2 protein chains.
Amino acid sequence: MNIILLSGGSGKRLWPLSNEIRSKQFIKIFQKEDGLYESMVQRMYRQIRRVNADATVTVAASRTQVSSIRNQLGSKALISIEPCRRDTFPAIVLASAYLADVEGTDPEESVVVCPVDPYVSEDYFGMLNQLGELAQKGEANLVLMGIKPTYPSEKYGYIIPEGTGEISRVSAFREKPDAETAEAYIARGALWNGGVFAYKLNYILQKAHSLIDFTDYHDLFAKYETLPRISFDCAVAEQEKQIQVMRFAGEWKDLGTWNTLTEAMEETCIGDVRMDETCSNVHVLNEIGIPILAMGLKDVVISASPDGILVSDKEQSSYMKPYVDSIDRQAMFAEKSWGSFRVLDVEPESMTIKVTLNPGHRMNYHSHRNRDEVWTVISGTGRTVVDEMEQSVHPGDVITMQAGCRHTIIAVTELKLIEVQLGKEISVDDKEKFPFEFE
Amino acid sequence: MNIILLSGGSGKRLWPLSNEIRSKQFIKIFQKEDGLYESMVQRMYRQIRRVNADATVTVAASRTQVSSIRNQLGSKALISIEPCRRDTFPAIVLASAYLADVEGTDPEESVVVCPVDPYVSEDYFGMLNQLGELAQKGEANLVLMGIKPTYPSEKYGYIIPEGTGEISRVSAFREKPDAETAEAYIARGALWNGGVFAYKLNYILQKAHSLIDFTDYHDLFAKYETLPRISFDCAVAEQEKQIQVMRFAGEWKDLGTWNTLTEAMEETCIGDVRMDETCSNVHVLNEIGIPILAMGLKDVVISASPDGILVSDKEQSSYMKPYVDSIDRQAMFAEKSWGSFRVLDVEPESMTIKVTLNPGHRMNYHSHRNRDEVWTVISGTGRTVVDEMEQSVHPGDVITMQAGCRHTIIAVTELKLIEVQLGKEISVDDKEKFPFEFE
């Protein structure tokens, strides 16, 4: 079976743990049985693998998310890279064309599409298999998962089924209603539309060719920016007559705000946190290296990352977007395909960064026009290449690089270094990459 | 006139802005007319100077506070250094002996003693002068300031005056009563004991010699550790028959907890802070380089320093001590006589620090047994001395120092550097100082 995982946008409502370059699905907040933490994408991928070890999983993601996906899933998952954001229909078509034209998937095979970010119980994954099998049978062109509502939500779309059975034809779709209308829908057996569905690969490719002028995956990729922003529901689901819905009554939580996200947390505290016994319904997520003490609070979420610190009433936190938009600064932490970096200090004419390289990985071979750099290796071993000169490095070694010089570092073991950047115009854009021929 | 400013202890109830090495009196939270911030000790010193430009001010402080006092007051104030903490009677005797034996103060001159940490209006300083003049007149051996109570506090000691005039003989002292008793005291005209009093220098020296066996200041300093811990009230005030109290009805606030401290703040936010309009009675003090967003909170104080982050109901914050005691870690920020440092990163076998040297200042000439160090100058100019070799330094210069090598840096302009420490046993105690002969 083929599964396309839709990796969503940046999730500003989960600031400061998510930002422009670190989306909410990569935050490690779910504790596993072994005590370690995993992110939404890691949890979803692990759960899929446990139930369906043979599934081909393709993550549909923006270019900026590729480093985080490689960092968190390794090279196991396929990635369909979206050159820019164009809503779910173009994203699903691109990933489907990728499966057909790059991976050579049989057009008669079924594909299950699901978002990467809900918090779900294990039976959800059995249901994904059933959706795929139902699509394969071909009784309908499109098979949706309908989630049994737990309350008359105003945030979700509703699917109105024709009957009350486990599997039913779809009578209609309804967009986010008010609570009263939602209650009436639910009384008629309506289900939440969680954006989970299955089809035969061929079906969506034909649909795509009828709506978009393209030859194959590579052509589609090249003209991706010219595609209209349109959702899969609008472009396909709401037009389709041959459509079924399968009822899902297991656990399903949308984790888009701090209020819902903290509900899904196993523990109240992550990281170095002290909380006194007068706190109630308080969650603290601490990703920075200094302790947090919480006392006498009620219904509050505290979240600290290198980008900032949020202290908010849980309900109120859903209104954070305009405030977060007003915080205009570079991301202070980022995961890269080769490891991660964290900004330690910013001065008008210098910046100090801690760089961690994973074993066997290296940075791009690159140079900067307007800044000198100094590396001090603090742990691990590896080798540097500076203007074609190779050198093995160990803790305590110092490498100085003038502006214009080409440089990289390759980690043998995990390697950490302190990088001091010096110059009048320090910018992430001041970077020229070169081919690396020193493997 | 002579004023002895008693600089108190570490003030753990104001964590994370105060800690073992940074006492509450050195936190810069009071905004001056010019928009800059000053600390309790700077504010108190400035206010004293404004009312009495000629007063000799001696700060009685522990050894660990000397760097901060020099950093904040420069060399203007005298300092009586307590070799260890021994409560107010030994501290006052030591400072008085310092005035007599080191500064050569006439024993007939009056001395006014006051704590460094209350938040007071300007008329308080006129009252200090009056106390000194009254002591000089010699109608009584000891003249106290009695603060007109604003509520029946259970936290303060009370002075019961004989009469109701501005100046009166003292009838009795009463220690922290319950609220009901406090109300009865206040009905009888009782005043708070704020620890402010005046005497002739000779009086306290005679008293000291009758209770402690010592010859002069230097002898007392040498045996300071053997002195009993006893308060001035117990040892002197409560025994004295010839004692007066002068009524003070101006503003006086004890700033010992976050609840009282935030009441004295001019603004609700210090540092990089966003607060939404649903917050009420919220104060945020942000001393770290990342933004804080506060939403939907009520009666909360948020305080962030390199040592940690407090988020607390204001009332509840007064119970923080056991939690703060459980946070066992080195201070991440400190003011030194020559500037300041901040810990940026801690790893098992390395530590990265940002050092700021004030113009014209230098570190001790020193070496470390168990760690190598690397300096990268990020701003300013100066010169280094490494194993007797002098070198002038500028931004971008890197200085590497092996364990055992003697080194220092002298700032010409303000100079900032990144110091990477490398070794298996990094400790603040691993430091040997040497005489510096390269001025």
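Every value quoted in this text rests on a predicted model; they were computed, and no experiment measured them.

Student: What's the story with the relation of the copies chain A and chain B in this structure? I'm lost.
Tutor: The relation between the two copies of this chain is a rotation about an axis and a shift parallel to it. When chain A is fitted to chain B, the best match, at an RMSD of 0.1 Å, comes from turning it 179 degrees and sliding it 0.0 Å along the axis. Read as a symmetry element, the transformation amounts to a two-fold axis. The rotation axis passes nearest to the C-alpha of Leu-344 of chain A in chain A, at a distance of 2.9 Å. In this assembly the copies share their binding face: 100% of the residues contributing to the interface of chain A also contribute to that of chain B.

Student: So what exactly am I meant to see when it comes to the interface of chain A and chain B here?
Tutor: Think of interface size as the accessible area that goes away when the parts come together; that is how it is often given. With 55 residues of chain A at the contact, the number on the chain B side is 55 residues. For the pair chain A and chain B, the two sides together bury roughly 4200 Å², of which 67% comes from carbon and sulfur. Interface area lost by chain A to chain B is led by Leu-293, Met-295 and Tyr-323 of chain A, which between them contribute 17%. Inspection of the region where chain A meets chain B yields six salt bridges. A salt bridge links Lys-416 of chain B to Glu-347 of chain A, with the shortest nitrogen-to-oxygen separation between them at 3.0 Å. Summed over the shared surface of chain A and chain B, the number is 24 residue pairs in polar contact (both at pLDDT 80 or more). When residues in the side of chain A that touches chain B are grouped by element, the largest group, six residues, is from strand β19 (residues 308-313) of chain A. Here the side of chain A that touches chain B is built from residues that sort into 30 nonpolar, 14 polar and 11 charged. As paired strands, β19 of chain A and strand β17 (residues 292-295) of chain B are joined by four bridges and run parallel to one another. Residue pairing for β17 of chain B: Leu-310 of chain A is matched across the bridge by Leu-293 of chain B.

Student: Is there a simple way to think about the environment of Val-59 of chain B in this case?
Tutor: Residue and element names in this part refer to chain B. With respect to the helices and strands, the residue Val-59 is situated in strand β4 (residues 56-62). Taking the relative accessible area as the measure of exposure, Val-59 reaches 0% and is therefore buried. Each C-alpha atom of the pair Val-59 and Ala-331 lies 24 Å from the other, and the pair is 272 residues apart in sequence. Non-local contacts of Val-59, meaning those with residues more than four positions away in its chain, are made with Leu-5, Ser-7, Ile-69, Leu-73, Ala-77, Leu-78, Ile-79 and Ser-80.

Student: For this particular structure, what's the right way to read the state of the cysteines?
Tutor: Between two cysteines, a covalent bond joining their sulfur atoms is known as a disulfide. The full count for this structure, using the stated rule, is zero disulfides over all chains. Free of any disulfide, Cys-84 of chain A has its nearest cysteine sulfur in Cys-234 of chain A, 19 Å distant.

Student: I tried to follow the packing of aromatic side chains on my own but got confused; where do I start?
Tutor: For any pair of aromatic rings, geometry is given as the distance between the ring centres together with the angle between the planes. All names here are of chain B. In total, this model carries 30 aromatic pairs over all chains according to the counting rule given. Consider the rings of Tyr-365 and Phe-434, whose centres lie 6.5 Å apart with planes at 70 degrees: the pair is edge-to-face. One end of the pair, Tyr-365, is in strand β23 (residues 365-367); the other, Phe-434, is in strand β30 (residues 432-434), with 69 residues separating them in the sequence. Neither Tyr-365 nor Phe-434 differs from the other in exposure class; each is buried.

Student: Looking at this model, I keep getting lost on the sheet that holds strand β20 (residues 333-336) of chain A. Mind explaining?
Tutor: Whether parallel or antiparallel, the strands of a sheet pair through hydrogen bonds between backbone atoms. Residues and elements named next belong to chain A. Pairing is antiparallel across the open sheet formed by six strands, whose spatial order is β20-β21-β22-β29-β24-β27. Both outer strands of the open sheet, β20 and β27 (398-401), are each paired with one neighbouring strand and no more. Neighbour to neighbour, the strand axes of the sheet diverge by 20 degrees on average, direction disregarded. Sheet topology places β20 next to strand β21 (residues 339-347); four bridges connect them, and they run antiparallel. Bridge assignment links Phe-333 to a residue of β21, and that residue is Arg-342. Contacts between helix α2 (residues 66-73) and the sheet are confined to β20 and β21, with β20 contributing the most and set at about 65 degrees to the helix.

The rules behind these values
- Residues numbered from 1 in each chain as written.
- Chains lettered and ligands numbered in written order.
- Predicted model: local features only at pLDDT ≥ 70, side-chain atom pairs only at ≥ 80, totals over all residues.
- Heavy atoms only, no water.
- Least-squares fit on C-alpha atoms with pLDDT ≥ 70 in both.
- Contact = heavy atoms within 4.5 Å.
- Buried area = accessible area lost by both parts, 1.4 Å probe.
- Salt bridge = Lys/Arg side-chain N within 4 Å of Asp/Glu carboxyl O.
- Polar contact = N/O pair within 3.5 Å; in protein donor to acceptor, adjacent residues only side chain to side chain.
- Helix = DSSP H or I, 4+ residues; strand = E, 2+ residues; numbered from the N terminus.
- Nonpolar A, V, L, I, M, F, W, Y, C, P; charged D, E, K, R; others polar.
- Pairing = 2+ DSSP bridges.
- Buried < 20%, exposed > 50% of the residue type's maximum accessible area, 1.4 Å probe, protein only.
- Disulfide = S-S within 2.5 Å.
- Phe/Tyr/Trp six-rings, centres within 6.5 Å; stacked < 30°, edge-to-face > 60°.
- Axes fitted to C-alpha atoms, helices over the stretch in contact; angles between N-to-C directions.

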